[in-house]
Each structure stands twice: as C-alpha cells, then as structure tokens.
Amino acid sequence: PRSDCVVAEQLCLSDSACNATYRILENCALAKTRLLPLDHDSRVRCLNAEFDLGNSSLLHCKCHRRMKRQEHCLRVFWTVHSSMTDGYFNLETSPYENPANEEHWKTDYNKLAALVSGKICSQLAGDATNPCLKETHVCNLSKKCVRLRTDYASICTRGAGSEDVCDQRKCHKGLRNFFEKVPEDFTKRILFCPCQDEFCGERRRKTIVPDCSFQSNTKPNCLWLLDSCLEDHICKSRLADFQQNCQPADTSPDGCSLHNYAACLQAYMGMIGTPMTPNYVSNSSVEVSLWCTCESSGNQKEKCDQILGMFENNKCL
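Here the structure is a predicted model, which means the values were calculated and not measured.

Here is what the cut-offs are and how they apply
- Residues numbered from 1 in each chain as written.
- Predicted model: local features only at pLDDT ≥ 70, side-chain atom pairs only at ≥ 80, totals over all residues.
- Heavy atoms only, no water.
- Helix = DSSP H or I, 4+ residues; strand = E, 2+ residues; numbered from the N terminus.
- Polar contact = N/O pair within 3.5 Å; in protein donor to acceptor, adjacent residues only side chain to side chain.
- Contact = heavy atoms within 4.5 Å.
- Disulfide = S-S within 2.5 Å.
- Buried < 20%, exposed > 50% of the residue type's maximum accessible area, 1.4 Å probe, protein only.
- Phe/Tyr/Trp six-rings, centres within 6.5 Å; stacked < 30°, edge-to-face > 60°.
- Patch = residues over 30% accessible without salt bridge, like charges linked within 9 Å, V, L, I, M, F, W, Y side chains within 5 Å.
- Areas by Shrake-Rupley, 256 points an atom, 1.4 Å probe, with all protein chains shown as cover.
- Salt bridge = Lys/Arg side-chain N within 4 Å of Asp/Glu carboxyl O.
- Lys, Arg positive; Asp, Glu negative; His and termini not counted.
- Charge placed at Lys NZ, Arg CZ, Asp CG, Glu CD.
- pLDDT = per-residue confidence, 0-100.

1. Some thoughts on the side chain of T293
Assignment of secondary structure puts T293 in the loop between β2 (288-290) and α16 (301-312). Within the local environment of T293, its side chain forms a polar contact with the backbone nitrogen of E295, the two atoms lying 3.2 Å apart. Setting aside residues up to four positions removed in sequence, T293 forms contacts with K219, P220, N221, C222 and C304.

Quick look at the structure:
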C-alpha cells in the first residue's frame, strides 16, 4: 500500500538491506543537487540502488500538499527518484498524492452563506460589480483566511514606497502558508475571481502582491529561474506537479493530456510562493506568465521558450 514518504523512510531505515540501499541513493541525489558529474560506475550504482528497492513502500511513496514535515517528505521522494528520466523537462511524475477532481472544486456557497449575516450580507450584495472584492469579504469571514492573508500582505509590502527592497523569500513563504493552510473554497476564489472590468482585474492581479512576490527590477533569464527552482525541493515538486497536471497535448481535442482542469488550477496555485511564481500579466486579461525573459539564451533559446510557454501558451491552464 502507498504510504507517505516520511513513514516509508522510517520503515526502510529499520531494515539493514534497505538502509544500505537508501544511503547509496542519498549520495546519488546529493551529487545531482550539486551538479557533480557521475562516472559510468557511479551512474550504474545509482540505477541499481533504485532498482533494488523493488516494490518497497519507499519506491511508491507520495507526499501531501498540506502535510506536516512536507519538505522532509519531498526530500525523501527526490532521493529515491534522483535518476530523472527524459520527458517534459526531465522531471518524473508528481510527488503529490490525490490530484484535485472537478467535483471537489465546485464550492457549495450555501456553506459560506451560513456564515454571513446582517451588515456583511448587504456588503456582499453591494460587491456584485467587483467579484474579487466580494471574495475578499468572504475571506474575512474566516479567521484563518483573514489572518494568513494579512500575514503575507504585511510581509510582502514591507519596503514598498521606500528604498528598502522587500524580503522576497519571506513573502513567498507567507504566500505558500496562505495557499496551503486556508481551505481552497476561499483561496481559489480570491485568485480566480471572474472580472468584467479593469478595477476588478487589478485587484485580482495584485492578490499575491506582485511588486514583491513576482516582479524585480530586471527580468532574469527563464533558464536561471528554472535552475533556482530545481535546487529547491518544494519548487521542484510543485513544478513536477504542474507539468503532470497541466501538460499540453496537441493531439488532444482540448489541447490537454489529462483533461483535469481542476488539478491543473490546483497545481498552478502550488507554484505561487516558489522561485517560479506566476501571475496575471495585466488588469484586462486572464493571461499569466513568469517574470523572466528568453533574451540572451544562446543555443538554449528553444528550452527557454518552452519554460515560458508552459504558462503563456498552455491550453490546459
């Protein structure tokens, strides 16, 4: 049976044979992380170690987006799957269990309406022209939603209007906390609220405080953005999840290989708060992009365009 990777690691370490194999894989993963070249014998040893795990729970373990010790779980997963295979950006399948299904994402607003009374109710009724403002008020009905939204907003706006630069790493962590700990009934509606005018679009675009979390003075090369993502277990895992659930397919009628748009949107939300944080590009459209450029990419221009195209031209998304 499939277990989470923290439990699977504990079981493995209590068995001498599995323990020895796992230690070999740890060294293999460390070498890959540090971009150290492996000679032929080392590569064979790494592949054999992965093969030796057979059908152990460690080889088939997964992680959960909202679990405790998530980073540890992801580190174990990538230790076991350090030999990346060829494919969509050379990442294997998502380390996350249970992708979203469409039904789960159909929010029952009656549950939220039960929280609303008197003044708040009339307040929501007056927000019909700005759905994003309405969703903010709905968030305010939940103590956890308003607290974590206030937390990241205060972190991500420090330094605004002065010469001080915001702490983007702390801002990203605050955003991840919000999207991981607040129920999706709230977060997805704040991020994907439907807009008919630019005032609403501006509020939607500024949901993640882009001046800190998204933009910088100059656009880095997208290849650099990818490299920084692959060095981080959370970003690497979210990218693998995004690639699996938002992988386009030209041969498919809808242009999407898995046809599960809910899982794709959930994976997109997972990218927010990582080095590859995406966002809306303007107040008047739902087009999204990364904050990076493919200028001066040399002979890797095609790969760079592919990175950018995952977000800009992705029919699944």
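There is more to say, and it comes next.
2. Observations concerning the state of the cysteines
By the definition in use, this model includes 14 disulfides. A disulfide bridge connects C63 with C73, and the sulfur atoms are separated by 2.1 Å. When the S-S torsion is -100°, as for the bridge of C63 with C73, the disulfide is left-handed. In this pair, C63 sits in the loop between α3 (40-52) and α4 (70-80) while C73 sits in helix α4, placing the two residues 10 residues apart along the sequence. The side chain of C132 participates in a disulfide bridge whose partner is C193; the two sulfur atoms lie 1.9 Å from each other. With the S-S bond torsion at 90°, the cross-link from C132 to C193 turns out right-handed. Highlighted residues: C132 in helix α7 (residues 131-139) and C193 in the loop between α10 (184-191) and α11 (198-205), separated in sequence by 61 residues. A relative accessible area of 3% places C132 in the buried class.

3. Structural notes on the packing of aromatic side chains
Summed over all chains, the structure comprises six aromatic pairs. Aromatic side chains F178 and F179 sit 5.1 Å apart centroid to centroid with 80° between the ring planes, which places their arrangement in the edge-to-face category. F178 sits in the buried class, given a relative accessible area of 0%. Ring geometry for F214 versus W291: centroids 5.6 Å apart, planes at 65°, classification edge-to-face. Separated by 77 residues along the polypeptide, F214 in the loop between α12 (210-213) and α13 (222-230) and W291 in the loop between β2 and α16 bring together distant segments of the chain.

4. Some words on a negative patch on the surface
A surface patch of like charges, here negative, comprises E71, D227, E231 and D232. Accessibility expressed as a relative area gives 43% for D227, which makes it partly exposed.

5. Re the confidence of the model for the protein chain
On average, residues of the protein chain carry a pLDDT of 82, and 82% of them reach 70 or more. For the protein chain, helix α6 (residues 118-125) is the element with the lowest average pLDDT, namely 46, and strand β1 (residues 278-280) is the one with the highest, namely 96. Contacts for the low-pLDDT stretch residues 115-126, under 50 throughout, to residues beyond four places or in other chains number nine contacts.

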